[in-house]
Amino acid sequence: MSAYTNDTPASYPVLPGHSSRGRLERVLRSGRFALTAELNPPDSADPEETYRRALVLSQVCDAVNATDASGANCHMSSLGICALLTRAGYSTVMQISCRDRNRIAIQGDVLAAAAMGVHSILCLSGDGVEVGDQPNAKPVFDLDCMSLLKTIRTMRDESCFLSGRKITEAPELFIGAAANPFAPPYEWRPQRLAKKIAAGAQFVQTQYCFDVPILERYMERVRHLGLDERCFILVGVGPLASARGARWMRSKVPGVHIPDATISRLEGAKDQRLEGKNICIELIQRISEIKGVAGVHVMAYRQEELVSEIIRASGVLKTRGSRRPLQRSTEGKE
Amino acid sequence: MYVVRLWATRRAGALEAVYTVFLRIFQALDPLWRRIGHGRLEKPVAALEAWFKGALFDCRMCGHCILVATGMTCPMNCPKSLRNGPCGGVRPDGTCEVEPDMRCVWVEAWAGSRRMGDGEAIMKFQGPVDHRHQGSSSWLRLSREKMLAATAANGGEGRE
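Think of each chain on its own: its residues are numbered from 1, step by step along the sequence as written. Just so you know, chain letters begin at A and ligand numbers begin at 1, following the order they were written in. Thresholds applied to this predicted model are a pLDDT of at least 70 for local features of residues and 80 or more for the giving and counting of side-chain atom pairs; totals over whole chains, interfaces and linings are not thresholded and use all residues. Side-chain numbers here rest on the full set of heavy atoms in the structure, without hydrogens or water.

Colleague: Please clarify how the pattern of salt bridges should be interpreted in this entry.
Modeller: Pairing is possible between side chains of opposite charge, provided their charged atoms come close. Residue and element names in this part refer to chain A. Think of a salt bridge as a Lys or Arg side-chain nitrogen and an Asp or Glu carboxyl oxygen that are within 4 Å of each other. Evaluated as defined, the whole model comprises 23 salt bridges over all chains. One salt bridge in this structure joins Arg99 and Asp100, with 2.8 Å as the shortest N-O distance. Relative accessible area serves as the criterion here: at 2%, Arg99 is assigned to the buried category. The salt bridge partner of Glu275 is Arg265, with a shortest N-O separation of 2.7 Å. Placement of Glu275 in helix H10 (residues 272-288) and of Arg265 in helix H9 (residues 260-268) is noted, with a sequence separation of ten residues between them. Overall, Glu275 belongs to the buried group, its relative accessible area being 18%. It is possible to trace a salt-bridge network through shared partners that takes in Glu49, Arg53 and Glu304. The classification of residues rests on relative accessible area computed with a 1.4 Å probe and restricted to protein chains. Under 20% of the type maximum is buried, over 50% is exposed, and intermediate values are partly exposed. By definition, any uninterrupted DSSP run of H or I lasting at least four residues is a helix, any uninterrupted run of E lasting at least two residues is a strand, and each is numbered from the N terminus.

Colleague: Would you take a moment to explain the side chain of Lys80(B) for this structure?
Modeller: With respect to the element layout, Lys80(B) can be found in the loop between helix H4 (38-57) and helix H5 (105-114). Judged by relative accessible area, which is 3%, Lys80(B) ranks as buried. Counting of polar contacts relies on pairs of N or O atoms within 3.5 Å, with two restrictions inside protein: one atom must be capable of donating a hydrogen and the other of accepting it, and residues adjacent in sequence are counted only when both atoms are side-chain atoms. Among the polar contacts listed, one links the side chain of Lys80(B) to the backbone oxygen of Gly126(A), at a separation of 2.7 Å. Not counting chain neighbours up to four residues away, the residues in contact with Lys80(B) comprise Gly126(A), Asp127(A), Gly128(A), Phe141(A), Cys87(B), Glu97(B) and Val98(B). Contact criterion: two residues are considered in contact whenever any of their non-hydrogen atoms come within 4.5 Å of each other.

Colleague: Explain the interface of chain A and chain B to me, please; I cannot follow it from the model alone.
Modeller: How large an interface is tends to be reported as the accessible area lost when its parts come together. Contact with chain A, which involves 30 residues of that partner, is made by 28 residues of chain B. In this assembly, chain A packs against chain B so that about 2,400 Å² is buried in total across both faces, 59% of it on carbon and sulfur atoms. Our count for the contact surface shared by chain A and chain B stands at 14 residue pairs in polar contact (both at pLDDT 80 or more). Among the elements of the structure, helix H5 (145-157) and helix H6 (189-199) of chain A are those that each provide at least two residues to the side of chain A that touches chain B. Ranked by residues supplied to the side of chain A that touches chain B, first place goes to H6(A) with five residues. By buried area we mean the combined loss of accessible area, with a 1.4 Å probe, across both parts when two parts are placed together.

Colleague: Can you help me understand the pairing of strand S7 (residues 232-237) of chain A in this one?
Modeller: For a regular strand, side chains alternate in direction, first toward one face of the sheet and then toward the other. All names here are of chain A. Most of S7 sits out of view: six of its six residues are buried. Of the two faces of S7, the one holding Phe232, Leu234 and Gly236 and the one holding Ile233, Val235 and Val237 are both buried throughout. The pairing criterion for strands is at least two bridges between them, as found by DSSP. Across four bridges, strand S6 (residues 203-208) lies against S7 in parallel orientation. Along S7, the bridge assignment pairs Val204 with Ile233. Throughout, right-handed denotes a crossover for which the path from the first strand over the helix to the second runs clockwise when the strands point away from the viewer. The handedness of the S6 to S7 crossover, carried by helix H7 (residues 212-224), is right-handed. Where S7 meets strand S8 (residues 293-298), five bridges bridge the pair, whose relative direction is parallel. Paired with Gly236 across the two strands is His297, which belongs to S8.

Colleague: Got a minute to help me understand the pairing of strand S2 (residues 63-66) of chain A in this structure?
Modeller: Residues and elements named next belong to chain A. Here S2 shows no split at all, with Ala63 and Asn65 on one side and Val64 and Ala66 on the other all buried. Read as a crossover between parallel neighbours, the route from strand S1 (residues 34-39) over helix H2 (residues 47-58) to S2 is right-handed. One ladder, built from three bridges, connects S2 with strand S3 (residues 92-97); its direction is parallel. Opposite Val64, over in S3, you have Thr92 as the bridge partner. You can see the chain leave S2, run along helix H3 (residues 78-87) and come back into S3, and the turn it takes is right-handed.

Colleague: Just checking my understanding: could you explain unusual backbone geometry for this structure?
Modeller: The linkage connecting Pro184(A) with the following residue, Pro185(A), adopts the cis geometry, with an omega of -5°. Along the chain, Pro185(A) turns up in the loop between strand S5 (174-179) and H6. One non-glycine residue, Ala69(A), lies in the positive phi region at around 45°. The exposure class assigned to Ala69(A) is buried, which follows from its relative accessible area of 13%. One non-glycine residue, Ser81(B), lies in positive phi territory at about 40°. Turning to its location among the elements, Ser81(B) is positioned in the loop between H4 and H5. Owing to a relative accessible area of 21%, Ser81(B) belongs among the partly exposed residues under this scheme.

Colleague: I'm lost on the environment of Glu49(A) in this one. Help?
Modeller: All names here are of chain A. Along the chain, Glu49 turns up in helix H2. Given a relative accessible area of 25%, Glu49 falls into the partly exposed group. Setting aside anything within four residues of it in sequence, one finds Glu49 in contact with Pro42 and Ser44.

Colleague: So what exactly am I meant to see when it comes to the packing of aromatic side chains here?
Modeller: Two measures describe an aromatic ring pair: the distance that separates the ring centres and the angle between the ring planes. Any two of the Phe, Tyr and Trp rings considered here, Trp counted by its six-membered ring, make a pair once their centres fall within 6.5 Å; the pair's planes then place it as stacked at under 30 degrees, edge-to-face at over 60, or tilted in between. Inspection of every chain in the model, using the stated rule, returns twelve aromatic pairs over all chains. Ring geometry for Tyr208(A) versus Phe210(A): centroids 5.7 Å apart, planes at 20°, classification stacked. Tyr208(A) sits in the buried class, given a relative accessible area of 12%. In this structure an aromatic cluster arises from ring pairing among Tyr19(B), Phe22(B), Phe26(B), Trp33(B), Phe52(B), Phe57(B) and Trp139(B). Geometry around Phe125(B) places Lys150(A) over its ring, the cationic atom sitting 4.2 Å from the centre. Lying across the ring of Trp110(B), Arg114(B) places its NZ or CZ 3.8 Å from the centre. Two conditions define a charge sitting above a ring: the NZ of Lys or the CZ of Arg must be within 6 Å of the ring centre, and it must be within 35 degrees of the ring normal.

Taken by themselves, the reported measurements are silent on function.
Shown next as structure tokens:
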């Protein structure tokens, strides 16, 4: 097993104003442009596959997101992925979806994750079971993403479970949520982000962005509400493989909005895959220029090599550190 | 019924006014409910509440009614039972990710809340449901809690 160790060593202290000792929080609070990428868990009991993918991503990212049965399709669990990755020193963001587990299971997993060295957790409602490979499953949704955020914040800040029972050593966590500026009701979305921040979100990773003007309008409202000062916003991006793939994604993946112009650009290209990659690179460059955007989150289903190429080609790795001022408030947890 | 539910959201402003007055009267009558006995009243009131709110809002009797904070739209009709706003899967035409033939409960809730006196109530955090209250009357529970809060301490802390 060869690992590219990139997380903050456990012996390092939690910095003042920080709530975790994780690399992602450190990078964001230092004002650098952050990069995260999604690791799609294997359908395999062999850990090597996970390590192979993580190695590629960790060279271009500050943290690797371990997805929790995304799209309601069964894969290795996010807790399992994080167990493997933290063991090898990788920086992870563990995703928790409310679809499959109730509050008892989730709180237990949060403690387990923190004990293993997971520093960041992303709170999600989760896709409905109907869109996945086992639509006959029972949807749980005991909590929703908002009450999940508050639950984890309570565990961290008040050192107790939802029941009020004490936790002897509180988990030190950087808490995140998802946001989708590209789905209705559009005018509510910025305020919904405010609600998530009030519930405990310190960073958000958004749904795929293919439409920069919508994002710009959203960010304008976000800045107006001062939310970019209270929460780090990482915008989701990803490469489209072809016009056909884009159409499929638009109709089948919940919450993904792809403008017609993007699809016709792919259709007109000689090499659609290359064009998809170029579109993604351009998106990262344009998004990184938007005021209030703290980073990008790259998602590409089982194409880790491509993600690495895209991030390198975008140039954001080279310019980071100089792009944004370093005096961002580190008041920490709100 | 779905059509009635949509109608109720369109009339959210008027319904909010009527429903709030009703709740206030119901709570003011708490001494009477107590004399009869909350336990004895639970079954008939829950049945009446289920019938009334079921007809108007497709109420699921979660026991934690928050209609006035959700644009007079019952959030338990959301296939993910979200109680704090829409998920990211809402389709561009405003329909539900899980049930494409249904308008997203939260798109409707938002529209309803814009027509209501207290449009900000929808921004309030809603904690997770206590599943033990499923099927019980939230009218009686609200009435009980309000009285308890009032008598416990004048100016004492209420629930969040």
